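Each chain, letter by letter, is given below.
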Amino acid sequence: LAKTTQPISMDSYEGQEVNITCSHNNIATNDYITWYQQFPSQGPRFIIQGYKTKVTNEVASLFIPADRKSSTLSLPRVSLSDTAVYYCLVGPRGYSSASKIIFGSGTRLSIRP
Amino acid sequence: DVKVTQSSRYLVKRTGEKVFLECVQDMDHENMFWYRQDPGLGLRLIYFSYDVKMKEKGDIPEGYSVSREKKERFSLILESASTNQTSMYLCASSSYKRGADTGELFFGEGSRLTVL
């Protein structure tokens, strides 16, 4: 199972772009990279998923280099409401694959006015 | 709007009590999961179920059991609660349609259990 390493915490200011990098050196060929966001006293929420290159949705962008050993979640123009814990997960997709996905400790992002 | 509902947001129980945590999802998902979340340890998988009456152990099943009699409902049971089971418990569900789905996990809001 691919283990991920991400910073424990990050600070930024409103209006800035925030990039959170995750390392996954032993990612497997059939693994996808998925990011979740968790607010206090709530369950995690899916943000974005990718396999290679770049993926963008209405919330974030995900950049994955060719070797796929790392990935970067990019949050454009953050606001106070983006203060949360962000988890990087690596694992296969499939009907029972979610059982193989490991949540690490995540990155605690704090946004200041 | 898709929903995973956990029956209790906050519970306080005494050591040795039997505790039931209920989870219901309205998305017709095949997979359901129970995690616990503790500071500094992230989310750890307790049990999961990929079909009615099917269950498999996760990473930390000791002291827990589960029941899935209906597709929409997945219960976590603490047969004899202990203080080290004080935690936030999160239920999740997911589905996978071959070639189409992300396998996204949908979480409930959590049940914070305190065992005295």
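Notes on the structure follow. (Residues numbered from 1 in each chain as written. Chains lettered and ligands numbered in written order. Predicted model: local features only at pLDDT ≥ 70, side-chain atom pairs only at ≥ 80, totals over all residues. Heavy atoms only, no water.)

## Quick notes on the overall build of chain A
Formally: Numbering of helices and strands starts at the N terminus; helices are DSSP runs of H or I of at least 4 residues and strands are runs of E of at least 2. Only protein chains enter the calculation, and the probe is 1.4 Å; a residue is then buried if its accessible area is under 20% of its type maximum, exposed if over 50%, and partly exposed in between. The contact criterion used throughout is that any non-hydrogen atoms of two residues lie within 4.5 Å. Areas reported as accessible are Shrake-Rupley estimates using a 1.4 Å probe. Residue values count occlusion only from the protein chains shown. Note that His is not counted, nor are the chain ends; the positive residues are Lys and Arg, and the negative ones are Asp and Glu. Where a charge lies is defined by one atom per residue type, namely NZ (Lys), CZ (Arg), CG (Asp) and CD (Glu).
Looking only at helices and strands, chain A features 0 helices and 9 strands. If you list the helices and strands of chain A from N to C, you get β-β-β-β-β-β-β-β-β. Taking all 113 residues of chain A together, the buried fraction comes to 49%. Look at the contacts in chain A between residues 6 or more apart in sequence, and 57% of them connect residues 24 or more apart. Carbon and sulfur atoms provide 51% of the accessible area of chain A, an area that totals close to 5,700 Å². Positive and negative charge centroids in chain A, built from 11 and 7 side chains respectively, lie 8 Å apart.

## Notes on the interface of chain A and chain B
Put simply, the test is: In what follows, salt bridge is the name for a side-chain nitrogen of Lys or Arg lying within 4 Å of a carboxyl oxygen of Asp or Glu. Polar contact is defined as a pair of N or O atoms within 3.5 Å, subject to the rule that within protein one atom must be able to donate a hydrogen and the other to accept it, and that residues adjacent in sequence are counted only when both atoms are side-chain atoms. Side-chain classes are defined by residue name, with Ala, Val, Leu, Ile, Met, Phe, Trp, Tyr, Cys and Pro counting as nonpolar, Asp, Glu, Lys and Arg as charged, and the others, Gly among them, as polar.
Every contact between the two is made by 17 residues of chain A and, on the other side, 24 residues of chain B. Here chain A is connected to chain B by 0 salt bridges. Connecting chain A to chain B are 6 residue pairs in polar contact (both at pLDDT 80 or more). Put simply, the parts of the chain that give the side of chain A that touches chain B at least two residues each are β3 (31–38) and β4 (45–50) of chain A. Across the side of chain A that touches chain B, the residue classes tally to 7 nonpolar, 9 polar and 1 charged.

## A word on the state of the cysteines
All names here are of chain A. What counts here: Throughout, a disulfide means two cysteine sulfur atoms within 2.5 Å of one another.
This structure, assessed with the given rule, holds 2 disulfides over all chains. Bridging cysteine 22 to cysteine 88, the disulfide has an S-S length of 2.2 Å. The disulfide joining cysteine 22 to cysteine 88 has a torsion of about -85° about its S-S bond and is therefore left-handed. On the criterion of sequence distance, the pair formed by cysteine 22 in strand β2 (residues 18–23) and cysteine 88 in strand β8 (residues 84–92) is long-range, its members being 66 residues apart. In this structure, cysteine 22 and cysteine 88 share a single accessibility class: buried.

## Describing the side chain of serine 74 of chain A
Residue and element names in this part refer to chain A. As for its placement among the helices and strands, serine 74 is situated in strand β7 (residues 70–75). In terms of polar contacts, serine 74 uses its side chain to reach the side chain of asparagine 19, at 2.9 Å. Aside from chain neighbours lying at most four places away, what touches serine 74 is Glu17, Val18, Asn19, Ala60, Ser61 and Phe63.

## Brief notes about the sheet that holds β7 of chain A
Residues and elements named next belong to chain A. The line we're drawing: A strand pair is defined by DSSP finding two or more bridges across the two strands. The angle between two axes is taken between their N-to-C directions and runs from 0 to 180 degrees, where each axis is a line fitted to C-alpha atoms and a helix contributes only its stretch in contact.
Read from one edge to the other, the open sheet built from 4 strands follows the order β2-β7-β6-β5, with strand pairing classed as antiparallel. Every interior strand has two partners, whereas the edge strands, β2 and β5 (53–56), have only one. With direction set aside, neighbouring strand axes in the sheet form an average angle of 15°. Strand direction decides the pairing type here: strand β6 (residues 61–64) and β7, joined by 3 bridges, are antiparallel.

## So, the pairing of strand β5 (residues 42–49) of chain B
Within a regular strand, the side chains alternate between the two sheet faces. All names here are of chain B. Taken across its 8 residues, β5 has 7 buried, putting it largely inside the fold. Of the strand pairs in this sheet, strand β4 (residues 31–38) and β5 are connected by 7 bridges, and their pairing is antiparallel. In the sheet register, glutamine 37 faces β5, and the bridge partner there is leucine 43. Here β5 hands over to strand β6 (residues 56–57) after 6 residues, with lysine 53 in that stretch at a positive phi of 65°.

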